[in-house]
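Each chain, letter by letter, is given below.
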Amino acid sequence: MGVNGHDDRTQCNEGGIFMNDFIFSYPTKVYFGKDALKKAAAEQLDAFGSNVLLAYGGGSVKRNGIYDEVMQVLKEHGKHVVEFSGIMSNPTYAKVQEGARLAKENKIDFILAVGGGSVIDCCKIVAAQAMSEEDIWEMEHSARRFPQQAIPMGAIVTASGTGSEMNGGAVITNEDLHLKAGMGAFPPAFAVLDPAYTMSVPRMQVLSGAFDTLSHAMETYLGNSDEDNVSDDVALAIMRNTVVNMRRLLKDIDDIQARSNLMWDSAMAENGILKVGRLTDFQAHQIEHQLGAYTDCNHGQGLAVIHPAYYRHIMNDAKEKFTRFARVVFGKESAEEGIEALAAFIEECGLPTKLSQLRSTTEITPELLRKVADSTNIINSNPRALDADEIYDILMECR
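Residues numbered from 1 in each chain as written. Predicted model: local features only at pLDDT ≥ 70, side-chain atom pairs only at ≥ 80, totals over all residues. Heavy atoms only, no water.

### Regarding the overall build of the protein chain
How we decide: Each helix corresponds to a stretch of at least 4 residues labelled H or I by DSSP, and each strand to a stretch of at least 2 residues labelled E; elements are numbered beginning at the N terminus. The globule rule used here is 2.2 Å times the number of residues to the 0.38 power, and the radius of gyration it is set against is calculated over C-alpha atoms. Only protein chains enter the area calculation, which uses a 1.4 Å probe; residues under 20% of their type maximum are buried, those over 50% are exposed, and those in between are partly exposed. By definition in these notes, contact holds between two residues if any of their heavy atoms fall within 4.5 Å. Under the convention used here, a 1.4 Å probe and the Shrake-Rupley method define accessible areas, while residue burial counts only the protein chains that appear. His is not counted, nor are the chain ends; Lys and Arg add positive charge and Asp and Glu add negative charge. For charged residues, the charge sits on one atom: NZ in Lys, CZ in Arg, CG in Asp, CD in Glu.
Regarding its fold elements, the protein chain presents 15 helices and eight strands. Rg of the C-alpha trace for the protein chain: 21 Å, near the compact-globule value of 21 Å for 399 residues, within the 12% margin. In terms of principal-axis extent, the alpha carbons of the protein chain reach across some 60 × 55 × 45 Å. Across the 399 residues in the protein chain, those meeting the buried criterion constitute 56%. If you take every contact in the protein chain between residues at least 6 apart in sequence, the share linking residues at least 24 apart comes to 76%. Roughly 17,200 Å² of accessible area belongs to the protein chain as shown, and the carbon and sulfur atoms make up 48% of that amount. With 37 positive and 55 negative side-chain charges, the protein chain shows a spacing of 5 Å between the two charge centroids.

Given below as structure tokens:
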């Protein structure tokens, strides 16, 4: 049913349905551009209590001056700050529990996440776990229930790519179970997107994050819905804009306009707009998540290695969509040419093209890849469902 209970389905002449029904809302207020932090603080901070958990990663926010700016703003609004630092890439469930303990012990009223997707993801689950006595992993993955309340939070994005600042999802690694999986909580109340905050992010991290954006848009576009959909056109535009601006950064990594475009591409790819009225294909993400659970590799770089191999496997199951992708995003004429153009673009960006090129804490052996394949979440909303053996074949082709 559509909004307000009415049947909003649009019928084609043959009686088919053009789009799935949906209800959509924007839960996160975005402050984009210069001085976005000050604007957000003026409108938002006084609405929350005085005890703030300030969360960040390895300390780059202190070196680039963002920490000092944030602390000054919090001080001006009379906040008592408790720091939660050291949030790693691929945040662990143990780190979530550490943050939840800090929040409970200090009676935290508000969480402010300063960083990229890893910091924001971690804080979403911290916010929910701190309001529950039940183990949130067990709640979501065993009982199949989602949290009903959470400490409110805001996000200050310093590295774009994941789009985590505008949705309620998170990806957390449970090291005990060797599982890297999606979890659900609540989106930030507000998000600060100041492109200037990304200027100190290293070149490869910027490009890896941008490839994650491209992956989000590609996988949303390639869901198994055959009907034309407004979201398809928007997704193709996001893909093309991401490729154009990644190429701009290859020429000038300090091009702030390109970084601005990529920052908004990132948000658009994961704020839900591309997903309304359709199913999505996130099988490449599922494979990479498990690869990351076993190796702790960089997420965007893992996706760069996996995507071309995966797409060669499913190309004939979505030939028309791959052909349109080839024409709009890369100016090629066939599905095959589009996938090879994607592979060439990955190499052009200096991203890894083989698993052996990934920086990994673990040796990537056939035996390890078998474990990755056997534990990968298999979805059925992509053009064709895989099985564990085909996932293993894809991973072996990526070696």
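### Observations concerning the confidence of the model for the protein chain
Our working definition: pLDDT expresses how confident the predictor is about each individual residue, on a scale running from 0 to 100.
A residue-level look at the protein chain finds 92% of positions with pLDDT of 70 or above and a mean pLDDT of 91. Taking the mean pLDDT of every element in the protein chain, the minimum, 90, falls on helix H2 (residues 60-63) and the maximum, 98, on strand E2 (residues 51-55). Scored below 50 in pLDDT, residues 1-18 makes 19 contacts in the model with residues more than four places away or belonging to other chains.

### Re the pairing of strand E8 (residues 190-193)
Threshold: Paired strands, as defined in this entry, are two strands with at least two bridges between them according to DSSP.
Here E8 shows two buried faces, one formed by Phe190 and Val192 and the other by Ala191 and Leu193. Sheet analysis places strand E1 (residues 29-32) next to E8, joined by four bridges and oriented parallel. Counted as the bridge partner of Phe32 is Leu193 from E8.

### Examining the packing of helix H11 (residues 299-314) against helix H13 (residues 335-348)
As a reminder, the rule being used: To obtain an axis, a line is fitted to C-alpha atoms, over the contacting stretch when the element is a helix, and the angle between two such axes runs from 0 to 180 degrees between their N-to-C directions. Reported orientations rely on four angle classes, namely roughly parallel under 35 degrees, roughly antiparallel over 145, roughly perpendicular from 65 to 115, and oblique for the rest. Each crossing is labelled by how the near helix is turned from the far one, with a counterclockwise turn of less than a right angle marking it left-handed and a clockwise turn marking it right-handed. Amino acid classes used here: Ala, Val, Leu, Ile, Met, Phe, Trp, Tyr, Cys and Pro are nonpolar; Asp, Glu, Lys and Arg are charged; the rest, including Gly, are polar.
Relative orientation of the contacting elements H11 and H13 amounts to 165°, with a least axis distance of 10 Å. When the axes of H11 and H13 are compared, the pair comes out roughly antiparallel. Seen from above, H11 lies across H13 with left-handed handedness. In contact with Ala304, His307, Pro308, Tyr311 and Arg312 of H11, H13 contributes Ile339, Glu340, Leu342, Ala343 and Ile346. Residues that form the contact of H11 with H13 fall into these classes: seven nonpolar, one polar and two charged.

### Digging into the state of the cysteines
Stated formally: The disulfide criterion used throughout: a pair of cysteine sulfur atoms within 2.5 Å.
Taken as a whole and judged by the stated rule, the model has zero disulfides. Counting only cysteine sulfurs, Cys398 is the nearest neighbor of Cys349, a cysteine outside any disulfide, at a range of 17 Å. Cysteine Cys398 shares no disulfide, and the gap to the nearest cysteine sulfur, in Cys297, comes to 11 Å. You can call Cys398 buried: its relative accessible area is 2%.

### Quick notes on the pattern of salt bridges
To be explicit about the condition: Within this document, salt bridges are pairs made up of a side-chain nitrogen of Lys or Arg and a carboxyl oxygen of Asp or Glu, the two lying within 4 Å of each other.
Tallied over the entire structure, the rule returns 18 salt bridges. The residue Glu134 makes a salt bridge to Arg145 at a minimum N-O spacing of 2.5 Å. With Glu134 in the loop between helix H5 (117-129) and helix H6 (136-141) and Arg145 in the loop between H6 and strand E5 (153-157), this residue pair connects regions lying 11 residues apart in the sequence. The partly exposed category is assigned to Glu134, whose relative accessible area is 30%. Arg145 sits in the partly exposed class, given a relative accessible area of 40%. Where Arg248 meets Asp255, a salt bridge forms, and the shortest distance between an N and an O atom there is 3.0 Å. A relative accessible area of 31% places Arg248 in the partly exposed class. Each member of the salt-bridge network shares a partner with another, and the members are Asp232, Arg278 and Lys321.

### What to know about the sheet that holds strand E3 (residues 80-84)
Read across the open sheet, the six strands follow the order E1-E8-E5-E4-E2-E3; overall the sheet is parallel. Bordering the open sheet on either side are E1 and E3, each of which pairs with just one other strand. Strand-to-strand twist in this sheet, taken as the mean axis angle between neighbours without regard to direction, amounts to 20°. Sheet topology note: the strand E4 (residues 110-115)/E5 ladder contains five bridges and is parallel. Its bridge partner lying in E5, Ala113 is registered against Ala155.

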